[in-house]
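# Inside the fold
The chain contents come next:
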Amino acid sequence: MSISLTQGMRTVQIDFPPSSAIFDSRPFPAVVADRGPPLSRSALRKIFVDAKSGELLSVHNPHDDSLVSDKIHAAGPEDVDAAVKAAHKAFKGDWGRKDPTDRAKAMLKFADLIREKAGEIAALETKAMGSAVATQTMGYNVGADLFTYYAGLADKIHGEAAYPSSAGKYKIIQREPIGVCAGIGAWNVSAVLFAWKAAPALAAGNTVIYKPSEKAPLGTLALGPLIQQCFPPGVINIVNGAGKTGQLLAAHMEIRQIAFTGSTATGRKIQEAAAKSNLKRVSLELGGKSPSLIFDDADLELAVSKSMEGIVANTGQICAMASRIFVQESIADNFIELLKGTFETASKGNMIGDPSLADTQVGPLADKAQFKRVMEYLEIGKKDGQLVTGGIQRGTNGLFVEPTIFKNTPNGSRIVQEEVFGPVVTVQTFKTEEEAVQMANDTVFGLSACIYTKSISRALRVTRDMEAGTIAVNDWYFPAPDTPFGGVKQSGYGREGGLEGLNEYLQTKTIQIK
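Looking at an unreviewed UniProt entry, one finds the protein chain named aldehyde dehydrogenase (NAD(+)), with Cyphellophora europaea as its source organism. In its Sequence similarities (unreviewed entry) section, UniProt records this for the protein chain: "Belongs to the aldehyde dehydrogenase family." Checking UniProt for the protein chain, the heading Catalytic activity (unreviewed entry) contains the comment "an aldehyde + NAD(+) + H2O = a carboxylate + NADH + 2 H(+)".

Right, dumping it as structure tokens:
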């Protein structure tokens, strides 16, 4: 293993169970727990462990295509087995038997440390996948909020007791942790995805193995020194790797539960591997193609502003982004012209640019593969519909795409039906409320939806008929720690956040006493 930290910065020693870390010999800012001279290599080996697989991954900065690292270790079977062994030992030992209030204290301390280092860790995410540092800083603060929220639930996991039945039996129902749980996250909002999976699992008394995306592993790895300060060895294990590593987790016979965020195609593979191995529990948060319904009584200025925000946030690389807009015919021309104006104003200003700058809101796409994918969809949109604005690469340096609007695109077009994952939106029109709902539901996805209207009765009617797991009225949907997030149809099943998110990591036991 080799690692290079910025001069004058130091990580603390960590007794960390086997992971498949980490950075490389190329210097870049590293997140640290304190400051001082760099640690020796022998000390660093107590923080991160070389992968026995010998496989290495590379990460490039999408802003300028510079190499961030070509020596990120990827976990193989031996590495995953070692992580599972460490997690199982912790579950059967110190962590699994720890008082819930002590688990809560550890989680609260971890949350505070994440908040303290949020900006520094966010800089690593920006280097890896190009998201604006302000966006990623917010993401780490949201991750900290999730740990705070679930820490508050750690000592509130209640069971039930029943009076003796006619057969003279006293019945107890208790909710218990599952055991070793695994999480696999996507690359767009690493902090939130990690916290969505790890925080409720830990609050319930489980231990965790987490694999960040191979496109953006650095921020999650940088949590290592913070984890060491808060949790016993083996409680949280981080393994790097691409799809093969995720498959090893999904198929492992000693992992009892797995949560995945990513594409629908990969989610199917996770589900299949889980079923063919030990029938481990699975929760899936998959793709989306979320609709936004804008009625003629809507606050048009609000609808335009929130639509813009929901399309370009994180460069459109958000599963819940409202990428299909349906607007009532009588206001359609006005809405499209206003939305076009906001897109073009943003493009001419300083909103889009170097993601490491504090004022930047929209950075490049995550990598060359994602850039190629978005550019292919732009060609589909030009062929099937009418380009309003954008539709091209922005500049010649970096993987930037101009925020794009298409109109008059048929509902059967691939750009309407498939997840683009970029700053691209289609606008279609409708005449009636019934037609709007039918068009919005005409998709295999059902993750999120937005409705803009001043009529509360209409909002209630439409939300009842929408096939989506999360719906926002007069806003675009952004999850909160205290409410469940997840989809229906091919957007997956299971929930993250809120009490339902905690229940994903608990199992029920019934006891009868005669």
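### Side note on the state of the cysteines
Counting across every chain of the model gives zero disulfides. Cys 181 takes part in no disulfide bond, and the closest cysteine sulfur to it belongs to Cys 230, at a distance of 20 Å. Not part of a disulfide, Cys 450 finds its nearest cysteine sulfur in Cys 319, a span of 12 Å.

### Examining the pattern of salt bridges
Where side chains of opposite charge bring their charged atoms close, a pairing between them can arise. Taken as a whole and judged by the stated rule, the model has 25 salt bridges. Between Glu 379 and Lys 382 there is a salt bridge, with its nearest N and O atoms 3.3 Å apart. In this pair, Glu 379 and Lys 382 both sit in helix H12 (residues 368–384), three residues apart, roughly one turn of the helix. Accessibility expressed as a relative area gives 32% for Lys 382, which makes it partly exposed.

### Things to note about the nonpolar core
Counting 103 residues, the largest nonpolar core has Phe 110, Phe 147, Phe 231 and Phe 335 as its most contacted members. By residue number, the principal contributor to this core is helix H3 (residues 100–129), which donates twelve residues. Among residues more than four places away in sequence, those in contact with Phe 110 are Phe 147, Phe 194, Leu 223, Leu 226, Ile 227, Cys 230 and Phe 231. Ranked by size, the runner-up nonpolar core spans 21 residues in total, among them Val 180, Ala 182, Ala 250 and Ile 270.

### Topic: the sheet that holds strand E13 (residues 324–328)
In space, the seven strands of this open sheet follow the order E14-E15-E16-E13-E12-E17-E18, with mixed pairing throughout. Pairing within the sheet leaves two strands with one partner each, and these edge strands are strand E14 (386–389) and strand E18 (470–473). Across the sheet, the mean angle separating the axes of adjacent strands is 25° when strand polarity is ignored. Sheet topology note: the E13/strand E16 (residues 424–430) ladder contains five bridges and is parallel. Considered in E16, the bridge of Phe 326 is made with Gln 428. On top of the sheet, helix H14 (residues 433–441) reaches strand E12 (291–294), E13 and E16; it is set at about 145° to E16, its chief contact.

Rules of the game
Residues numbered from 1 in each chain as written. Predicted model: local features only at pLDDT ≥ 70, side-chain atom pairs only at ≥ 80, totals over all residues. Heavy atoms only, no water. UniProt positions renumbered as here; feature names shortened; annotations may be inferred. Disulfide = S-S within 2.5 Å. Salt bridge = Lys/Arg side-chain N within 4 Å of Asp/Glu carboxyl O. Helix = DSSP H or I, 4+ residues; strand = E, 2+ residues; numbered from the N terminus. Buried < 20%, exposed > 50% of the residue type's maximum accessible area, 1.4 Å probe, protein only. Core = buried A, V, L, I, M, F, W, Y, C linked by side-chain atoms within 4.5 Å. Contact = heavy atoms within 4.5 Å. Pairing = 2+ DSSP bridges. Axes fitted to C-alpha atoms, helices over the stretch in contact; angles between N-to-C directions.

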